[in-house]
Amino acid sequence: MQAGNRDIPSLDRRFLWHPFTALDLWLDEGTPMTVIAGGEGCVLEDSEGNRFLDGNSSIWTNLHGHRHPKISEAIAAQLGKIAHSSFLGLSNELAPLLAERLAVSMADLTGGAPDAWRVFLSDDGSTAIEAAIKIVVQFFQQTGQQERAVFVSLGGGYHGDTVGAMSVGHSPVFHGTYKDLLFQSREIPPPGCYRCPHNRAVPEKGDARDYRRCQWECVADFEKTVVPLGEKMAAWVIEPRVQGAAGMIMHPAGYLEKTCALAQSLGAKVILDEVMTGFFRTGRRFAFAHENVKPDLVALAKGLTGGYLPLAATVIDESMAAEFRSIERTFYHGHSYTGNQLGCAAALASLDLLDEPEFPALLQVKAARLAEIGAGFWSHPNVGDVRREGMILAIELVEDFATRKAFAPKRRIGAAVCEAAKRFGLLTRPVGDVLLLMPPYCAADEQLEEMGNALYLALCTVCPAA
Ligand SMILES: *Cc1c(COP(=O)(O)O)cnc(C)c1O
C-alpha cells in the first residue's frame, strides 16, 4: 500500500488521530487499513485496487456519487477564478446565489416569500448548530426576553461536537466526559416506536411505527416538560423525522408537527437540525416538508455540497434576523472560510442536480427498491426492526426477537457485521447494533441489490441464521 514510495498505513498510524476512533484498535498492526485512493459513482477504490460500494454515502454526505462530472467541473471552473477570499466586508459571486436558492426552497416549502429567510454560512454541521443556538440566545436578549434561556432537545440526540452543539445533545458516549463544560438543556425521551416504553404492541416483522399501540404518550412527555417551562423555553432543537447518530431512530408521522406547534405556541423557537436529513435523504427536499411545520432556524451541512467540500448553512427566519440590524446588535460570530467559493460552487452544482425535473420521481423508485431490500432482512432471526425513510434503511439487530433484548454492547455486533461486509465489497458503518444503508442517489438497481446482499451475507457470517 504505497503512495509513491511511502508506506501510507504506517505514516497514518504514526502521525494521525482519527475521528471517533479507539487508538488501540487503529494502531494495531494486525488490523488491516483501507486506504481510499479513488472513486466513481457509488464505488470507492482503495490503493490496492479493491473496489467497494459506498453504502453510507461517505458518512451521509455524498448525494450524487463520487466524481460527478457536473460537480467536479463546477469546482474546477471556480478554481480557475479563485479558491477563497474573505467574506468579512466583502461578498463573492457565488454565496448570494446559493443563499437565494436555499431561501427559495424554504419559501416553496413553507409558503411566503424567499426574502422571509436569511442565510448564515459556516463550515460544518456543528458550526451550523452552534450559530443557530447563539442567534436564538442573542435574539431573546435583544427583545427583552432574557429569561428565555432553556433549550429542549431529544434523548440520544447528536448535533455535533462543539461545546454548544454538545450541550443540546444527549448521548452519554459522546457527551458524558464533558458534562461539566456544557450548558444545561432539557432532555425529552426519543419517540422511537421500536424501543418506546409506551408502545404496548408485541414485536412483529415490520416497522414498529406501523404496528405500534400507544396514545401519543411521546407527545405528552414533551408537553410535560415544556408547558411548565413556559416563558423560560428558548428553543426546541430536533432532527426532523429521523435521529441519525442516536441510532437512526425514526419518529412516528405527526410527532414533529405536534411538538413544533406546541413549542411555538409557547413563544419558543424551533431549530431543525437537517444536517443529515436535508437534501432529499428522507425523500423530500427537507425532512420537515413531510409535515406541516414552519421552522424558525434550519441547520444544513453534510449533503449541502453533494458531499464534496465542507460547507454549512443556518437558514434563519428574517423576522429574527431583523433584530440584529443595529451596530450594537451585531452577531459577533464567524469563521475564516465563511462563504468559501469552492464550496459554494459545489453546492450550486449539487442543487442543480436535485432540481432536475425527473429527479424526485427517480428517487422514489430507488427508495422503494431500498424498502424491498430491507424487507429481505426479515428472514434473519436477529433482525428486530427494519425501518426506512426515503434513502435511509436501518436494520436493528437484537439477541432475542420476542423480547427485543439487545446484544451486549461490548460484543460490538454491528461493528463486526460492517467489518465483515468489507469482505463482500461493501463499506458502511453501523450506529451501535443498527446497520445502515444510505446509498448515494445515483446507485443503480444492481448496486442497491449488491449492497443489500453484501450486508445480509455479512450478517449471516457474524450471526449464523440457523
Ligand atoms: C453529522 C451531524 C452533525 C454534525 O455535523 P459535522 O459536519 O460532523 O460537524 C450535526 N447534526 C446531525 C444531525 C448530524 O448528522
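Attention in this report is confined to the structure presented alongside it. (Residues numbered from 1 in each chain as written. Predicted model: local features only at pLDDT ≥ 70, side-chain atom pairs only at ≥ 80, totals over all residues. Heavy atoms only, no water.)

Describing the nonpolar core
- Counting 81 residues, the largest nonpolar core has Leu98, Phe222 and Trp236 as the members making the most contacts within it.
- Counting residues domain by domain, this core receives three or more from each of domain 1 (34-67 + 357-462) and domain 2 (77-354).
- Phe222 has contacts with Val152, Ile188, Met233, Trp236, Tyr255, Thr259, Leu262 and Ala263, leaving out every residue within four places of it along the chain.
- If you look at the next biggest cluster of nonpolar residues, it comprises 26 residues, including Ala235, Val275, Leu297 and Phe324. (Core = buried A, V, L, I, M, F, W, Y, C linked by side-chain atoms within 4.5 Å. Buried < 20%, exposed > 50% of the residue type's maximum accessible area, 1.4 Å probe, protein only. Domains from an automatic or database assignment. Contact = heavy atoms within 4.5 Å.)

A short note on the site of the ligand
- In the vicinity of the ligand, the contacting residues are Trp60, Asp124, Gly125, Ser126, Tyr158, His159, Gly160, Glu239, Asp273, Val275, Met276 and Lys302.
- Within the side chain of Asp124, an N or O atom sits 3.4 Å from an oxygen atom of the ligand.
- Here an oxygen atom of the ligand and a side-chain polar atom of Lys302 are 2.6 Å apart.
- Relative to its unbound accessible area of 380 Å², the ligand is 83% covered by the protein chains.
- Here the residues of the shell around the ligand are counted per class, giving four nonpolar, four polar and four charged. (Near = heavy atom within 4 Å. Polar contact = N/O pair within 3.5 Å; in protein donor to acceptor, adjacent residues only side chain to side chain. Areas by Shrake-Rupley, 256 points an atom, 1.4 Å probe, with all protein chains shown as cover. Nonpolar A, V, L, I, M, F, W, Y, C, P; charged D, E, K, R; others polar.)

Describing the packing of helix H4 (residues 69-79) against helix H13 (residues 341-354)
- Contact geometry of H4 with H13 gives a least axis separation of 8 Å together with a crossing angle of 150°. Classified by the interaxial angle, the pair formed by H4 and H13 is roughly antiparallel. Helix-helix and strand crossings are classified by hand; for H4 and H13 the assignment is right-handed. The segment H4 lies against H13, with Lys70, Ile71, Ala74, Ile75, Gln78 and Leu79 engaging Gln341, Leu342, Ala345, Ala346, Ala349, Ser350 and Leu353. (Axes fitted to C-alpha atoms, helices over the stretch in contact; angles between N-to-C directions. Helix = DSSP H or I, 4+ residues; strand = E, 2+ residues; numbered from the N terminus. Parallel < 35°, antiparallel > 145°, perpendicular 65-115°, else oblique. Left-handed = near helix turned anticlockwise from the far one by under 90°.)

What to know about helix H6 (residues 125-142)
- Taking 1.5 Å as the rise per residue, H6 with 18 residues should run 26 Å; its terminal C-alpha atoms sit 26 Å apart, in good agreement.
- Counting buried residues along H6, 15 of its 18 residues qualify, which places the element largely inside the surrounding structure.
- Of the residues flanking the end of H6, it is Gly144, one or two places downstream, whose phi is positive at about 70°. (Expected span 1.5 Å × (residues − 1).)

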